[in-house]
Amino acid sequence: QVQLVESGGGLVQAGGSLRLSCASSGRTFSNYAMGWFRQAPGKEREFVAAINRSGGSTYYANSVKGRFTISRDNAKNTVYLQVNSLKPEDTAVYYCAAKGPLRFSGSYYYTGRQEYDYWGQGTQVTVSS
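Scoring rules and cut-offs
Think of each chain on its own: its residues are numbered from 1, step by step along the sequence as written. Given that the model is predicted, a residue must reach a pLDDT of at least 70 before its local features are reported, and side-chain atom pairs must reach 80 or more before they are shown or counted; all residues, however, enter totals for whole chains, interfaces and linings. Only hydrogens and water are set aside; all other atoms, that is, all heavy atoms of the structure, feed into the side-chain values. Within 6.5 Å between ring centres, the rings of Phe, Tyr and Trp (the latter by its six-membered ring) count as paired, and their orientation is classed by plane angle as stacked under 30 degrees, edge-to-face over 60, tilted in between. Helix numbers and strand numbers start at the N terminus; a helix is a DSSP run of H or I with at least 4 residues, a strand a run of E with at least 2. Accessibility here uses a 1.4 Å probe with only protein chains present; expressed as a share of the type maximum, an area under 20% marks a residue as buried, one over 50% as exposed, and anything in between as partly exposed. Any Lys NZ or Arg CZ that is within 6 Å of a ring centre and within 35 degrees of that ring's normal is treated as a charge sitting over the ring.

1. Some words on the packing of aromatic side chains
Next up, step 1: Applying the stated rule across the entire model yields seven aromatic pairs.
Next up, step 2: Look at Tyr32 and Tyr118: their rings are 6.3 Å apart centre to centre, the planes differ by 70°, and that puts the pair in the edge-to-face class. Here the residue Tyr32 occupies a position in the loop between β3 (18-25) and β4 (33-39), and Tyr118 occupies one in strand β10 (residues 118-119), the gap between them amounting to 86 residues. Each member of the pair, Tyr32 as well as Tyr118, is classed as buried.
Next up, step 3: Summarising the aromatic geometry, the rings of Phe37 and Phe47 are spaced 5.7 Å apart at their centres and angled 75° between planes, so their arrangement reads as edge-to-face. Placement of Phe37 in strand β4 and of Phe47 in strand β5 (residues 46-51) is noted, with a sequence separation of 10 residues between them.
Next up, step 4: The structure contains a cluster of three or more aromatic residues connected by ring pairs, namely Phe37, Phe47, Tyr59, Tyr109, Tyr116 and Trp119.
Next up, step 5: Sitting over the face of the ring of Tyr95, Arg45 holds its NZ or CZ atom 3.6 Å from the ring centroid.
Next up, step 6: Positioned above the aromatic ring of Trp119, the side-chain terminus of Arg45 is 5.0 Å from the ring centre.

Nothing here speaks to function; it is geometry throughout.
This is the structure:
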């Protein structure tokens, strides 16, 4: 089992920044590809960003490209999402997710909600205009 705990959310004005963290425990973190998703009230959970096992490959939703950055520190068992230039439409609960354990290395990342095996409880991000 893998346990994921998100933190770093909060209330921020439009144009502001936050750094979301997701700490993992239970299994070898570097064996898992990681992703961030978000869910706004009344909407489905949507993909935000993904990163492969080593951190060398990343992928972003068009809506956040150039503003958000996903990264990971395998020594600290943590994945991050730096969110800059926030907009009111970024308001949502942000979830991290893990897929694995993966037996192969390489630049594989995953963007589908159904592809992930473990989920955190989420952290709320609210952007005021």
